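# Summary of structural features
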There are 2 protein chains.
Amino acid sequence: MKTTRSTTAKTAIYELIMNSDVALSHSEIQKLAGDLCDRVTIYRILDRLVIEDVIHKIATPDGLLKYAVCQKTEKHSHNHIHFSCENCLSVTCLDAVEPIFEVPENYSIKGVNFTVSGFCPNCS
Amino acid sequence: MKTTRSTTAKTAIYELIMNSDVALSHSEIQKLAGDLCDRVTIYRILDRLVIEDVIHKIATPDGLLKYAVCQKTEKHSHNHIHFSCENCLSVTCLDAVEPIFEVPENYSIKGVNFTVSGFCPNCS
DNA sequence: AATAATAACGCAACACTGTTGCAATAAATT
DNA sequence: AATTTATTGCAACAGTGTTGCGTTATTATT
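Residues numbered from 1 in each chain as written. Chains lettered and ligands numbered in written order. Predicted model: local features only at pLDDT ≥ 70, side-chain atom pairs only at ≥ 80, totals over all residues. Heavy atoms only, no water.

### Describing the relation of the copies chain B and chain A
You can overlay chain B on chain A at an RMSD of 0.1 Å; the transform is a turn of 180° with a shift of 0.0 Å along its axis. Put plainly, the chains are arranged around a two-fold axis. (Least-squares fit on C-alpha atoms with pLDDT ≥ 70 in both.)

If you want it as C-alpha cells, here you go:
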C-alpha cells in the first residue's frame, strides 16, 4: 500500500501554514519558503496535506486558492465561515461561527465553502 | 463620463448565461459562443456585466470562476447558496435558500460566496 | 443622413497558475 | 547497510487571465 512520508519540505510548509493567522496561497507560501524546494513540490505537498486532512483549501471570491490549518475543536469541522478582506486580500477562518442553511433533499452534501467578503478589522 | 454600450457580442453572451440553468465558466461560454468574438472580449464583457450587476461571479471550490444570472426576487440578493456538483462539475443557484450566519462586529460585510458541494440530483 | 467622440473590439504578446513525465534523491523498512 | 519506493527537481507544457495598441462600431450630435 502507499504510505506517506514526512520530509523537510513538507514539515516546513506545514509549519508556515500552521503559524500564519491568515490563509496562505501557493505564491505566498513560495515567497515565504524561499529556496526551500521547487514550486512544483509545493503544489504536491499542499495536495498531500489536504488529502491527509491537516490543512484545508479555500477558494476566494476571485478564484484564488488559499490554505489554512483550522482550529480543531471537539470534532473537527470544515463547516465554518471564511472571511476575505477586499482591501488587504487576507483570508481568515471564523471558527466560532457556524452557518445555518438548508438545501433541497435531492442534493447530497459532501462539503461547504462559505466565504464572506468585506473589510477585516484592520482595514475597517 | 463613461457610458456603457450594447454590442452584438455582449447581448449574445448575456443570452447564453441567461438561458443556461447552470453557471457558466469563461471556457464554457467560449465553446458555446463559437467564433462570435475573441476570448479576450469575453473576459471584458463578463467584467462589464458583473459591474452592471446583471450577472454575478461564483468561485467554485476548485477556484474556477463561473457566471450566472440569478432570479431577481422582490429585491435582488446575492445572498444565496450555490451548489457545486463534484461529479458533473455543474454549478447552480439555490435561490430559495438563504443562509443564516453571524460575524464578529468588527468585520464589515460587502458580499457573500456560499458554495455547497456534493452530488446534484442528476448525479445522486 | 452624415459627422464626431469614444466605447468596444481583435490581435499579439505577456504573466501567472497549475500539471505531467521522468530521472535522481531520500525516507522508511528489513 | 541494503532495498523499496515515496518524494523531489527539472523541463516542458497547458490553461487562465491581463495589457497595449491600432482598428471598428455604437451612440450622440449636428
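### Focus on the protein's contact with DNA strand C
The immediate surroundings of DNA strand C are formed by 20 residues, with R39 of chain A together with R5, T41, R44 and R48 of chain B found nearest. Of what DNA strand C places within 4 Å of the protein, 59% of the atoms are sugar or phosphate. S6 of chain A has a polar backbone atom sitting 3.3 Å from a phosphate oxygen of DNA strand C. Contact between DNA strand C and R5 of chain B: a phosphate oxygen at 2.7 Å from a main-chain N or O atom of the residue. By residue number, the principal contributor to the surface near DNA strand C is helix α3 (residues 39-51) of chain B, which donates five residues. Of the residues in the surface near DNA strand C, the class split is seven nonpolar, five polar and eight charged. (Near = heavy atom within 4 Å. Polar contact = N/O pair within 3.5 Å; in protein donor to acceptor, adjacent residues only side chain to side chain. Helix = DSSP H or I, 4+ residues; strand = E, 2+ residues; numbered from the N terminus. Nonpolar A, V, L, I, M, F, W, Y, C, P; charged D, E, K, R; others polar.)

### Quick word on the pattern of salt bridges
Working definition: two side chains of opposite charge can pair if their charged atoms are close together. All names here are of chain B. Counted under the stated rule, the structure contains six salt bridges over all chains. A salt bridge links K10 to E52; the nearest nitrogen and oxygen atoms lie 2.9 Å apart. Taken together, the positions of K10 in helix α1 (residues 8-19) and E52 in the loop between α3 and β2 (56-59) put the pair 42 residues apart, joining distant regions of the chain. (Salt bridge = Lys/Arg side-chain N within 4 Å of Asp/Glu carboxyl O.)

### Section: the sheet that holds strand β1 (residues 24-25) of chain B
All names here are of chain B. What the three strands build is an open sheet, ordered β1-β3-β2; its pairing is antiparallel. Looking along the sheet, the strands with just one partner apiece sit at the ends: β1 and β2. Looking at chain direction, β2 and strand β3 (residues 65-68) are connected through four bridges and run antiparallel. Opposite K57, over in β3, you have Y67 as the bridge partner. (Pairing = 2+ DSSP bridges.)

Shape is all these values report; function is a separate question.
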